[in-house]
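The lines below spell out each chain.
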Amino acid sequence: MTELITADLVRLDADLGSDKHDVIRALARVVQDADRAIDVDRLVEDALAREATSPTGLKGGIAIPHCRTEGVEEPTLVFTRLAPPVDFGAKDGPADIAFLIAAPAGGGSTHLQILTKLARALVRKDFTDGLRAATTADEVVALVLDAVADKPKPAADPVSIDKPPADTATATTPAAARVTRRLVAVTACPTGIAHTYMAAEALEAAAARAGVEIEVETQGSAGSTPLDPATIAAADAVIFAVDVGVRDRGRFAGKPLVSSGVKRPIDDGDGIIAEALRNADDPQAPRVEGSGGGESTNTGGGANESWGGRTRRVLMTGVSYMIPFVAAGGLLIALSFLLGGYEIVGPYGDVAVNNTLFDLPDPGALGLDHALFDSGLMVYLGALFFIIGKTAFMFFIPALAGYIAYAIADRPGIAPGFIVGGLAANIFGVADPNGVGLPATGFLGAIVGGVLAGIIAHWIASWSVPKWARGLMPVLVIPLLTSIIAGLLMIVVFGRPIGWLMDQLTDGLSDMSGSYAVLLGAILGLMMAFDMGGPLNKVAYSFAAAGVGGASLASDAPELKIMAAVMLAGMVPPIALALATVVRPRLFNAAERENGKAGWLLGASFITEGAIPFAAADPLRVIPAMMLGSAVTGGLSELMDVSVRAPHGGIFVLFAVDGVLGFLLALAAGVVVGAAAVIALKSTAKDPVAAAVA
C-alpha cells in the first residue's frame with residue numbers, strides 16, 4: 001500500500017492563501033502534483049462540502065479539512081505549516097498547522113483505521129509540538145508514520161487541551177468517587193474520519209485526568225464496535241458528542257445525558273466530563289428518551305437537531321415507510337386492469353371466491369370486454385392482483401401515521417400510530433344505520449394523528465417508574481395509554497374538522513376543470529421541485545397518492561389526472577439537469593457531470609431526489625429553474641388530460657397511463673424549459689463551477 005504521507009506531500013512555512021478555501025484548493029493541488037489525485041476537482045468539491053457542514057478548525061491552532069472522495073484511490077495526507085496562519089473557524093484563533101485528509105470513497109477498513117490513528121494523535125500535545133518544531137519534510141513524515149504505526153496505545157498523554165480549572169471534576173469530585181464513577185460515550189461526525197476519533201481520544205484523556213472510567217463507541221467510517229449492554233447498564237451517565245444521529249440510541253434509554261456537537265470534547269473535554277458527573281447526580285438532569293429495558297432502533301435526530309430538521313425527519317420517515325405500500329398497491333391495481341380490464345373492479349370478488357386455476361372464469365359472462373387476450377386466466381390473475389393491491393392501499397394511511405409516530409417515539413409509537421392511522425382511514429367502515437360513517441380524515445389525519453401519537457408516547461416514556469415496571473412500559477403501558485388518548489383526540493376533537501377539510505379538498509378537486517385544473521397542476525409542479533423529495537414534495541405526492549387509492553374507475557377521474565401531474569413534475573428535475581450537463585458541460589463540475597449520467601434513469605423512474613446533489617451545490621440557480629420546468633409539466637399534463645392509475649414508476653408504468661402522447665409531450669416540454677432555465681441562470685455566474693462548490 002502507498003505510504004499515507006511522503007515528503008512531497010509536506011509544505012513547511014507556506015503561504016497558501018488568505019482563507020481556508022484557498023488553503024484547501026492549494027493542498028488539493030499538492031495531492032495532484034504528487035500524482036495521488038485521479039480527479040482533483042472532485043477532491044476539492046468534497047473537501048469544501050465537508051467544510052461547509054461544520055468548520056474543521058480545532059483548539060490550539062490546528063485545522064483538519066477532510067473528506068471521503070472518489071478523487072483519490074489511496075488514503076492521502078497533506079501537511080502544511082501555514083505562514084501566516086489562516087482562520088478555519090476555531091474559537092481561539094487561526095490555525096498554523098493543517099492536514100488535508102483524503103480517504104478514498106470505497107476505501108477499506110485498513111485505510112480508515114490508519115486515518116483514525118492520526119486523528120487520535122492530533123489531540124496529543126507532544127505530537128503537535130513535534131510538528132511545529134520539525135525543520136524538514138522528512139521529520140514531519142517520520143512523526144506522522146510513527147503516530148499511525150501499529151503499537152500499544154500510550155498511557156494518558158497530556159493533550160492539547162488546557163488543564164481543567166479548579167471548579168471542574170478534578171477539584172469537585174472526591175478521590176474515592178473519581179475512581180469508581182463510570183461513563184459511556186458515543187462520538188460521530190458526518191464523514192466519520194477525523195472528529196469522531198479525535199473526540200473519543202479527548203474524552204478518554206479528560207476522563208483519565210478526572211479519575212473516571214469511560215468507554216467510547218466511535219460510530220465512524222472505520223466501523224463501530226457497539227458498547228457491551230452490561231457496560232451501558234453500569235454507567236452513571238452517557239455523553240453523545242455527535243453531529244449526526246446516534247445509531248441504536250434506545251440502548252441508553254433512561255441514562256443521564258450530556259449532548260453536544262462532536263467538536264466540544266476536543267475543545268473542552270474536561271468540561272464535558274464534569275458536566276456528565278454533575279448530571280449523574282442530578283435527578284432533574286436530561287435523560288435519554290425512553291424507559292430502558294429493551295432494544296431500540298434509532299430513528300435519527302442528532303443532539304443538535306433543529307425543529308426544522310426534526311420536522312423534516314419525522315415526515316420523511318413516515319413517507320418513506322408509506323411509499324412501498326402505495327407503490328406496490330398502485331402497481332398491482334394497474335396490472336389488474338391490464339390483465340382483467342378496467343371492469344375487473346366489479347366482479348373481482350365473485351372471481352376470487354368462485355373460481356380457481358382449474359376452474360377459470362368466463363370473461364364474456366362477467367362483462368369483462370377488455371380482458372387481456374379474452375383469457376379466463378388473465379381475468380383470474382387480474383382479480384387476485386386487484387385484491388392484493390387494494391389491501392396494500394388500505395394500509396398506506398395507517399403506515400404513514402404509524403411511522404411518523406415511530407420517528408418521534410421509537411418502537412412504542414408504532415402500534416398507537418397505526419391505530420390512529422386506521423381511524424384516519426376508517427379502516428373497518430364504522431357507520432350508522434343510514435350508512436353515514438365516521439369522518440375519514442385521510443393523509444392529513446394520518447399526519448396529525450401520527451404526530452399526536454408520537455408526542456404522547458414520547459411523553460409517557462419519560463415517566464419515572466419503578467424498575468419492576470420498566471419492562472411493561474414499551475410493550476403494554478405506552479401503547480395502551482397512547483392509543484386511548486390519541487384515539488379519543490382523533491375521534492372527538494380532530495376528526496370532524498379534518499374530515500370537513502378533506503371533503504372540501506375532494507369536492508374542489510371534483511369541480512376543477514379547464515384553467516383551474518391547469519393552475520392546480522402548475523402549483524403541484526412547483527411543490528414537487530421546490531425541495532426535491534423534502535416535506536413539500538411529499539405533501540404533494542401524498543395528496544395525489546391518496547386520491548389514486550379512492551379514485552373512480554373512469555379514466556377522466558380528476559384524482560388520476562392529479563397523480564399524472566405530480567408524477568410527471570417529479571420526473572423533470574433529474575432529467576432536466578442531466579440534459580443541461582450534456583448541452584453545456586462546462587457549467588458543471590466533474591461530479592455533477594457524473595451525477596447527470598445517473599439523472600436520466602433516476603428521473604425516468606420518478607426519483608426526484610436525483611436532482612438533490614445539484615440543488616445542494618447551487619440552490620439559488622438550480623431550484624428556481626427546476627420549479628419552472630416542473631410547473632410547466634404539471635400544467636400541461638392537466639391541460640392535455642393525462643391520467644395515470646399507478647402512483648409510482650415513471651415511464652415504466654406507461655401501460656397504466658391514459659394519454660401516453662400527452663404524458664411524453666408534457667415531460668419533454670418541462671425538461672427542455674428546466675434545462676434552458678438552469679443553463680441561463682448558471683451562465684450569469686462569473687465562475688459557475690466555483691460557485692457550485694464554494
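For the structure given in this document, a descriptive report is provided here. Computed from a predicted structure; not experimentally measured.

1. Some details on the environment of V258
At step 1: Turning to its location among the elements, V258 is positioned in strand β10 (residues 257–260).
At step 2: Residue V258 is classed as buried on the basis of its relative accessible area of 1%.
At step 3: With 21 residues separating them along the chain, V258 and N279 place their C-alpha atoms 7.6 Å apart.
At step 4: In contact with V258, not counting residues within four places along its chain, are V238, I239, F240, R264, I272, E275, A276 and N279.

2. Points about the sheet that holds strand β9 (residues 237–242)
At step 1: The strand order β8-β7-β9-β10 describes an open sheet built from four strands, whose pairing is parallel. Only two strands of the sheet have a single neighbouring strand rather than two, namely β8 (213–218) and β10. Sheet twist, expressed as the mean angle between neighbouring strand axes with direction ignored, is 15°.
At step 2: Note: β9 against β10, four bridges, orientation parallel. The residue bridging A241 from the neighbouring strand is S260, located in β10.
At step 3: Along the sheet, helix α8 (residues 195–210) makes contact with β7 (182–188), β8 and β9, crossing β8 at roughly 175°.
At step 4: Strands β7, β8, β9 and β10 of the sheet are contacted by helix α10 (residues 264–280), whose axis makes an angle of about 160° with β10.

3. A word on the side chain of R181
At step 1: Looking at the element boundaries, R181 is found in the loop between α7 (175–178) and β7.
At step 2: Residue R181 is classed as buried on the basis of its relative accessible area of 13%.
At step 3: Those residues within four positions of R181 in sequence are excluded, and the remaining contacts are V212, E213, D236, L277, A280 and D281.

4. Structural notes on the environment of L664
At step 1: Within the secondary structure layout, L664 lies in helix α24 (residues 660–683).
At step 2: On the basis of relative accessible area, L664 is assigned to the partly exposed category, the value being 39%.
At step 3: Between the alpha carbons of L664 and S637 there is a distance of 9.3 Å; along the sequence they are 27 residues apart.

5. Examining the pattern of salt bridges
At step 1: Per the stated rule, a full pass over the model turns up 17 salt bridges.
At step 2: The shortest N-O distance in the salt bridge between D618 and K682 comes to 3.0 Å. Of this pair, D618 sits in the loop between α22 (612–617) and α23 (619–639) while K682 sits in helix α24, and the two are 64 residues apart along the sequence.
At step 3: Under the relative-accessibility criterion, D618 is labelled buried at 4%.
At step 4: Owing to a relative accessible area of 0%, K682 belongs among the buried residues under this scheme.
At step 5: In the salt-bridge network here, residues are joined through shared partners; they are R42, D46 and E70.

6. A look at the nonpolar core
At step 1: Residues V566, V622, M626, V644 and V678 are the most contacted members of the largest nonpolar core, which totals 86 residues.
At step 2: Not counting residues within four places of it along the chain, the set of residues in contact with V678 comprises L577, A580, R621, V622, A625 and M626.
At step 3: Grouped together as the second largest cluster of nonpolar side chains are 58 residues, L4, L16, V23 and A28 included.

7. Details of the pairing of strand β5 (residues 76–86)
At step 1: With respect to burial, β5 is a largely interior element, eight of its eleven residues being buried.
At step 2: The pairing of strand β1 (residues 10–14) with β5 spans three bridges and is parallel. Across the sheet, R11 pairs through a bridge with T80, a residue of β5.
At step 3: The pairing of β5 with strand β6 (residues 95–104) spans seven bridges and is antiparallel. Looking across to β6, one finds that L77 is bridged to I101.

8. Brief notes about helix α4 (residues 125–133)
At step 1: When α4 is considered as a whole, its buried residues turn out to be F127, T128, G130 and L131. Projected down its long axis, α4 shows its buried positions confined to an angular sector of 155°, all on one face.

Definitions and cut-offs
Residues numbered from 1 in each chain as written. Predicted model: local features only at pLDDT ≥ 70, side-chain atom pairs only at ≥ 80, totals over all residues. Heavy atoms only, no water. Helix = DSSP H or I, 4+ residues; strand = E, 2+ residues; numbered from the N terminus. Buried < 20%, exposed > 50% of the residue type's maximum accessible area, 1.4 Å probe, protein only. Contact = heavy atoms within 4.5 Å. Pairing = 2+ DSSP bridges. Axes fitted to C-alpha atoms, helices over the stretch in contact; angles between N-to-C directions. Salt bridge = Lys/Arg side-chain N within 4 Å of Asp/Glu carboxyl O. Core = buried A, V, L, I, M, F, W, Y, C linked by side-chain atoms within 4.5 Å. Arc of directions from axis to C-beta.

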